Amino acid sequence: GELRAQVLLTQTLDLLEANPDLRDPGVARLIAYDREHRTDLVASVLAWLDAMGDVRVAAERLTVHPNTLRYRVRRAAAIGDLHLGDPQRRLVYHLQMLAAAHAGP
């Protein structure tokens with residue numbers, strides 16, 4: 001029972017990884033940007049999403065100033081043309097970023 005959520009999430013992430021047509025091009029663009037420029041924008045957005053948009057909690061987890069996190073999230077949204085105000089899109093972005101982290105480098 002306790003592992004059910006983790007098992008379901010892992011299976012969902014595997015499905016996303018195996019099906020490139022399910023991926024949002026903006027998230028792929030952001031991941032590529034991070035790799036090319038050696039930035040951590042994806043990790044910043046993931047922390048923000050994991051904290052359900054609570055900048056202070058996410059910034060504390062990343063050990064950065066809240067304004068730094070706000071800048072990173074805005075920058076990531078601009079680079080990936082991400083619409084973080086839309087809950088359905090946020091879910092898609094979150095899952096895709098988790099899948100990328102799950103797959104590793």
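Residues numbered from 1 in each chain as written. Predicted model: local features only at pLDDT ≥ 70, side-chain atom pairs only at ≥ 80, totals over all residues. Heavy atoms only, no water.

**Thoughts on the packing of helix α2 (residues 25-37) against helix α6 (residues 87-103)**
And then number 1: The contact between α2 and α6 brings their axes to 10 Å, and the two run at 40°. Between α2 and α6, the angle is such that the two are oblique. Taken as a pair, α2 and α6 cross one another with a handedness that is right-handed. In contact with Val27, Ala28, Leu30 and Ile31 of α2, α6 contributes Tyr93, Gln96, Met97 and Ala100.
And then number 2: Of the residues in the contact of α2 with α6, the class split is seven nonpolar, one polar and no charged. (Axes fitted to C-alpha atoms, helices over the stretch in contact; angles between N-to-C directions. Helix = DSSP H or I, 4+ residues; strand = E, 2+ residues; numbered from the N terminus. Parallel < 35°, antiparallel > 145°, perpendicular 65-115°, else oblique. Left-handed = near helix turned anticlockwise from the far one by under 90°. Contact = heavy atoms within 4.5 Å. Nonpolar A, V, L, I, M, F, W, Y, C, P; charged D, E, K, R; others polar.)

**Observations concerning the nonpolar core**
If you look at soluble globular proteins, the nonpolar side chains tend to sit buried side by side.
And then number 1: Leu30, Trp48, Leu82, Leu84 and Met97 are the most contacted members of the largest nonpolar core, which has 24 residues in total.
And then number 2: No other element matches the seven residues that helix α3 (residues 41-50) contributes to this core.
And then number 3: If sequence neighbours within four positions are ignored, leucine 30 has contacts with Leu41, Val42, Ala76, Ile79, Leu82 and Met97. (Core = buried A, V, L, I, M, F, W, Y, C linked by side-chain atoms within 4.5 Å. Buried < 20%, exposed > 50% of the residue type's maximum accessible area, 1.4 Å probe, protein only.)

**Examining the environment of isoleucine 31**
And then number 1: Following the sequence through the fold, isoleucine 31 ends up in helix α2.
And then number 2: Take isoleucine 31: its relative accessible area is 14%, and that puts it in the buried class.
And then number 3: Excluding anything up to four places from it in sequence, isoleucine 31 contacts Val42 and Ala100.

**Notes on the pattern of salt bridges**
And then number 1: According to the stated counting rule, one finds two salt bridges in the structure shown.
And then number 2: With a shortest N-O distance of 3.9 Å, arginine 23 and glutamate 17 are connected by a salt bridge.
And then number 3: Its relative accessible area of 32% is what places arginine 23 among the partly exposed residues.
And then number 4: A salt bridge links aspartate 86 to arginine 89; the nearest nitrogen and oxygen atoms lie 3.7 Å apart. (Salt bridge = Lys/Arg side-chain N within 4 Å of Asp/Glu carboxyl O.)

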